[in-house]
Amino acid sequence: MTHSTSENPPLKAWLLLGLLALIWGSSFLLIKKGLIAFTALEVGALRIASAGIVLTPLILPKLRQISRKHWLKLACVGLVGSFIPAFMFAIAQTQLQSGVTGVLNALTPISTLVIGVLLFSQSARWAQWVGIVIGLVGTVLLITATANGSFTFNSYALLVMLATVCYGINLNLIKHKIADLKPLTITGVSLLMASIPAAIFLFLGTDFLAHTQRPDAPLSLTAVLVLGIVGTAGALIIFNYVVQLTNTVFTSSVTYLIPIVAMMLGVLDGEPFFLQHGLGMLAILIGVWFANRRGRSGLAGIPQKNK
């Protein structure tokens, strides 16, 4: 039940929204720290495995609510909404700044709109197409930024864009195929399903255990566990609680706060900030605002858990 309206949310909702922005905005810096001792594949697998394990006690009672027709769809949601993006972000950040990655993640609502139009017969108004174009211009500015303003393209940014496409597919699957299930059930069960192959791969397909013996492993291990347990599992619970306090219109505004937090933390960690970064971030946020103007109570504006 919604206890308040988006026009007059309680103070608790504002505080939790800020906490959510800090948690999800710091995810990209945590990935960066995880990559100090572990490979990108290990970071992605550990993130999903730890989040799924932590959510297990909360999700197990809900398994009885799921009918046979839902299982394959939930597996697809786990694959495109959690499993694949976790690896894409980790691989991308081997060659991308954490702040830049955080801003690119804000393309999720735009990707959701495009996927909805192309694959799910969703309509779009001209203002939304304007938003898409502005967002893409911002993306180009962001991923070609250099100190002297010269043009240089970082292909690893395409992995982040692919991750946002996965998020777009995920949100449209939820909206059009399994809207009869509660959000916590959908995300929790799909994440639990994704965590099983992630854990198997982590311990049998990588040198994770050997890498835990490195001198810098404690910092990286802590960063990734915080990323999975707090940044994925914990943030999921907070997100759903804020939706109950207000609604998705208010909660989806965290989409605009995440890239600002990510960029600020990146700069504090010593990452360069060029004029093109600022212009690109501004353009992406304006594009997201345009693209998200219609159907704001739907899923297009809800950020994903990188959240």
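Residues numbered from 1 in each chain as written. Predicted model: local features only at pLDDT ≥ 70, side-chain atom pairs only at ≥ 80, totals over all residues. Heavy atoms only, no water.

Looking at the layout of surface pockets
- Taken as a whole, the second largest pocket spans an internal volume of roughly 150 Å³.
- Every residue lining the second largest pocket is listed: Leu107, Ile110, Ser111, Val114, Ile115, Ile132, Leu136, Met161, Thr164 and Val165.
- Of all the secondary-structure elements, those providing two or more residues to the lining of the second largest pocket are helix H6 (108-119), helix H7 (126-143) and helix H8 (157-177).
- Residues of the lining of the second largest pocket, tallied by class, amount to eight nonpolar, two polar and no charged. (1 Å grid on protein atoms, 1.4 Å probe; cavity = no way out; pocket = protein on both sides within 12 Å on 5 of 7 lines; lining within 4 Å. Points joined across faces, edges and corners; volume = space filled by probe spheres on them. Helix = DSSP H or I, 4+ residues; strand = E, 2+ residues; numbered from the N terminus. Nonpolar A, V, L, I, M, F, W, Y, C, P; charged D, E, K, R; others polar.)

So, unusual backbone geometry
- Positive phi values are uncommon outside glycine, yet Ser121 reaches one of about 55°.
- Secondary-structure assignment places Ser121 in the loop between H6 and H7.

Describing helix H14 (residues 275-291)
- For H14, built from 17 residues, the straight-helix expectation of 24 Å at 1.5 Å per residue is met to within 8% by its first-to-last C-alpha distance of 24 Å.
- Among all positions of H14, only Gln276, His277, Gly280, Met281, Ala283, Ile284, Leu285, Gly287, Val288, Phe290 and Ala291 are buried.
- For H14, the elements touching its buried residues are helix H5 (98-104), H6, H7 and helix H13 (254-268). (Expected span 1.5 Å × (residues − 1). Buried < 20%, exposed > 50% of the residue type's maximum accessible area, 1.4 Å probe, protein only. Contact = heavy atoms within 4.5 Å.)

Quick word on the confidence of the model for the chain
- Per-residue confidence for the chain averages 86 on the pLDDT scale, and 90% of its residues sit at or above 70.
- For residues 1-6, every residue scores under 50 in pLDDT, and the model assigns this stretch 15 contacts once sequence neighbours within four places are set aside.
- This model gives residues 295-302 a pLDDT under 50, and the stretch forms 21 contacts once residues within four places in sequence are excluded. (pLDDT = per-residue confidence, 0-100.)

Some thoughts on the packing of H6 against H14
- Between H6 and H14, the shortest axis-to-axis distance is 8 Å and the interhelical angle comes to 40°. By the angle between their axes, H6 is oblique relative to H14. Of the two possible hands of crossing, H6 and H14 adopt the one that is left-handed. Contact with H6, carried on its side by Pro109, Ile110 and Leu113, involves Gly287, Val288 and Ala291 of H14 and no other residues of that element. (Axes fitted to C-alpha atoms, helices over the stretch in contact; angles between N-to-C directions. Parallel < 35°, antiparallel > 145°, perpendicular 65-115°, else oblique. Left-handed = near helix turned anticlockwise from the far one by under 90°.)

Looking at a nonpolar patch on the surface
- Taken together, the side chains of Ile196, Ile200, Phe203, Leu204 and Leu209 define a hydrophobic patch exposed on the protein surface, amounting to about 560 Å² of accessible area.
- On the secondary structure map, Leu209 appears in helix H10 (residues 208-211). (Patch = residues over 30% accessible without salt bridge, like charges linked within 9 Å, V, L, I, M, F, W, Y side chains within 5 Å. Areas by Shrake-Rupley, 256 points an atom, 1.4 Å probe, with all protein chains shown as cover. Salt bridge = Lys/Arg side-chain N within 4 Å of Asp/Glu carboxyl O.)

Points about the side chain of Thr185
- Here Thr185 shows up in helix H9 (residues 183-204).
- Once residues within four sequence positions are removed from consideration, Thr185 is found in contact with Lys62, Gln65, Ile66 and Ser190.

Observations regarding the pattern of salt bridges
- Applying the stated criterion across every chain yields a total of four salt bridges.
- For Asp269, the salt bridge identified is with Lys32, shortest N-O distance 2.6 Å. Here Lys32 lies in helix H2 (residues 27-34) and Asp269 lies in the loop between H13 and H14, a separation of 237 residues in the sequence.
- Classification of Lys32 as partly exposed rests on a relative accessible area of 25%.

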